[in-house]
Amino acid sequence: PEIINEAIAAGRTRFAFELLPPLKGDGMQKIFAAIDPLMPFDPAYINITYHREGIKETALPDGGIEWHVVRRRPGTVGISAAIQHRYGVEVVPHLICGGLSKYDIEDTLIDMDFLGLHNVLALRGDRSQNERRFMPHPQGHAHAADLVRQIAAMNRGEFVDGEVEECHHSKFSIGVAGYPEVHFEARDVTSDIRHLREKIDAGAEYVITQMFFDNSRYFDFVRRCREAGIAVPIIPGLKPISTLRHLEVLPETFAVTLPEELVREAKAHPEHVREVGVEWTVAQSRELMAAGVPVLHYYTMSRTTNIQQIVKALF
Ligand code: FAD
């Protein structure tokens, strides 16, 4: 993928960051305000997450409950194009299997192509709030590998309903997710890495990892991937903690562990958790840069003040 090869060719680590599309009803100003201060540090690319529908409960006067399907953060493709055009930086929209048919996916990819977006992070997505476990759309995909296959087929001019005579679409460069601490649904490490390998064999060109807070997890993961024949770049994903709540929420939500030392530091300085998080991520980043990773991928929740502090210290 060009966005990563450029960093490799330059022989120095770049950074990238991930933003959420605005909440429904919000305009683009907040997202531009989050990006503006980071542009002088020359990000390699920006990722935009994809959000499936959620469920809203409304209490009825008779004591019953009414359920509504709601989409709180639509607009991934539109906001990605707006950012790419405004800043001239490569944008990587995410695309998921959850809630989408193959036809929906194809239409989305066609829109992306028309808008000049040719990078995509292919994910399965999580279960919806009314499911106990992930259920594929009846005309969709059960695993991210199947989504990668669909995109790779489209790159060859094969569409869901057959081939077209002449295909003038540009090719998509496909990235996928990997889990240094093992995906929570995986039977074991070995099968999780086998499934990652499947995504690469299907046409994915790089991996972005789930967040981790202890670099040895990443280094072990990379070693295991290499042993399993996965040769593509593996971009480390980092998240600075910024609230005491993160100490519980992050392990629960993302099936990751927080080192005791980080938890101790945060609890010892409850009014300075942000600074503790920034310092921790800077230290992690320095070690990863020294190990020669091409890109550092920072997770944000669309507030980037701590990411600004981090990149100011590093780039
Ligand atoms: P998969 O690769 O399909 O793997 C999911 C599970 O199924 C794993 O346990 C795997 O081992 C197993 N598996 C895979 N193939 C098979 C098979 N053939 N047979 C049996 N088991 C199999 N979610 C969003 O909704 N929107 C986002 O924008 C988003 N961005 C993300 C970005 C990154 C960098 C990461 C790391 C995650 C992101 N997620 C996002 C979360 C992601 O959707 C969830 O972690 C989801 O549960 C798994 O997605 P996946 O693409 O890794 O799935």
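As a reminder, the structure under discussion sits directly above these lines.
None of these values were measured; they are calculated from a predicted model.

(A) Quick look at the overall build of the protein. Within the protein, the regular secondary structure consists of eleven helices and twelve strands. By the compact-globule yardstick of 20 Å for 315 residues, the protein fits well, its C-alpha radius of gyration being 20 Å. Overall, the protein is about 65 × 60 × 45 Å in size when its C-alpha atoms are taken along their principal axes. Split into buried and exposed, the 315 residues of the protein put 38% on the buried side. Put simply, 79% of the contacts in the protein that link residues at least 6 apart link residues at least 24 apart.

(B) Representation of the pairing of strand S2 (residues 45–48) in the model. Of the two faces of S2, the one carrying Tyr45 and Asn47 and the one carrying Ile46 and Ile48 are both buried. In the sheet, strand S1 (residues 14–19) pairs with S2 via four bridges, with the strands oriented parallel. Along S2, the bridge assignment pairs Phe17 with Ile46. For the crossover that starts at S1, traverses helix H2 (residues 29–35) and ends in the parallel S2, the hand is right-handed. Sheet topology places S2 next to strand S5 (residues 90–96); four bridges connect them, and they run parallel.

(C) Up close: the pairing of S1. In terms of residue burial, S1 counts as a mostly covered element, since six of its six residues are buried. Going residue by residue along S1, you find Arg14, Ala16 and Glu18 tucked away on one face and Phe15, Phe17 and Leu19 tucked away on the opposite face as well. Two elements, S1 and strand S12 (residues 295–299), share five bridges in a ladder whose sense is parallel. Of the residues in S12, the one forming a bridge with Glu18 is Tyr299.

(D) The arrangement of unusual backbone geometry in detail. Phi is positive for Asp42, close to 60°, though the residue is something other than glycine. Structurally, Asp42 can be placed in the loop between H2 and S2. A positive phi angle, close to 75°, is found at Val182, a residue other than glycine.

(E) Representation of the site of the ligand. Inspection of the region around the ligand gives 23 residues, with Thr49, His94, Arg124, Ala144 and Ala177 positioned closest. Every element with two or more residues in the shell around the ligand is listed here: S5, helix H5 (144–155), helix H6 (189–201) and strand S10 (206–211). The element contributing the most residues to the shell around the ligand is H6, with four residues. Within the shell around the ligand, the residues separate by chemical class into eight nonpolar, nine polar and six charged.

(F) Focus on the packing of helix H4 (residues 102–114) against H5. Put simply, H4 and H5 touch, their axes get as near as 11 Å, and they point 50° apart. Taken together, the axis directions place H4 and H5 in an arrangement best described as oblique. Relative to H5, the crossing made by H4 is right-handed. For the pair formed by H4 and H5, the contact residues are Lys102, Ile105, Glu106 and Leu109 on the first element and Leu147, Gln150, Ile151 and Met154 on the second.

(G) Quick peek at the packing of H5 against H6. Close contact between H5 and H6 brings their axes to 8 Å; oriented N to C, the two are set at 5°. Overall, the two elements H5 and H6 adopt an arrangement that is roughly parallel. In this structure, H5 uses Ala144, Ala145 and Val148 to contact H6, whose residues at the interface are His195, Glu198 and Lys199. In the contact of H5 with H6, the residues fall into three nonpolar, one polar and two charged.

(H) Here's a closer look at the environment of Asn155. With respect to the helices and strands, the residue Asn155 is situated in helix H5. Distance from Asn155 to Gly203, taken between C-alpha atoms, is 9.9 Å for residues 48 residues apart in sequence. Once residues lying within four places of it in the same chain are set aside, the contact partners of Asn155 are Lys171 and Phe172.

(I) Broad picture of helix H1 (residues 2–10). By the burial criterion, the buried members of H1 are Ile3, Ile4 and Ala7. Along the axis of H1, the buried residues cluster in a sector spanning 95°; they form a single face. The inward-facing, buried residues of H1 abut S1, S2, S5, strand S6 (119–123), S10 and S12. Looking one or two residues beyond H1, the residue adopting positive phi is Gly11, at roughly 70°.

Thresholds, definitions, all that
- Residues numbered from 1 in each chain as written.
- Predicted model: local features only at pLDDT ≥ 70, side-chain atom pairs only at ≥ 80, totals over all residues.
- Helix = DSSP H or I, 4+ residues; strand = E, 2+ residues; numbered from the N terminus.
- Rg over C-alpha atoms; globule rule 2.2 N^0.38 Å.
- Buried ≥ 20, exposed ≤ 12 C-beta atoms within 10 Å, placed from the backbone.
- Contact = placed C-beta atoms within 7 Å.
- Pairing = 2+ DSSP bridges.
- Right-handed = clockwise from strand over helix to strand, strands pointing away.
- Near = placed C-beta within 6 Å.
- Nonpolar A, V, L, I, M, F, W, Y, C, P; charged D, E, K, R; others polar.
- Axes fitted to C-alpha atoms, helices over the stretch in contact; angles between N-to-C directions.
- Parallel < 35°, antiparallel > 145°, perpendicular 65-115°, else oblique.
- Left-handed = near helix turned anticlockwise from the far one by under 90°.
- Arc of directions from axis to C-beta.

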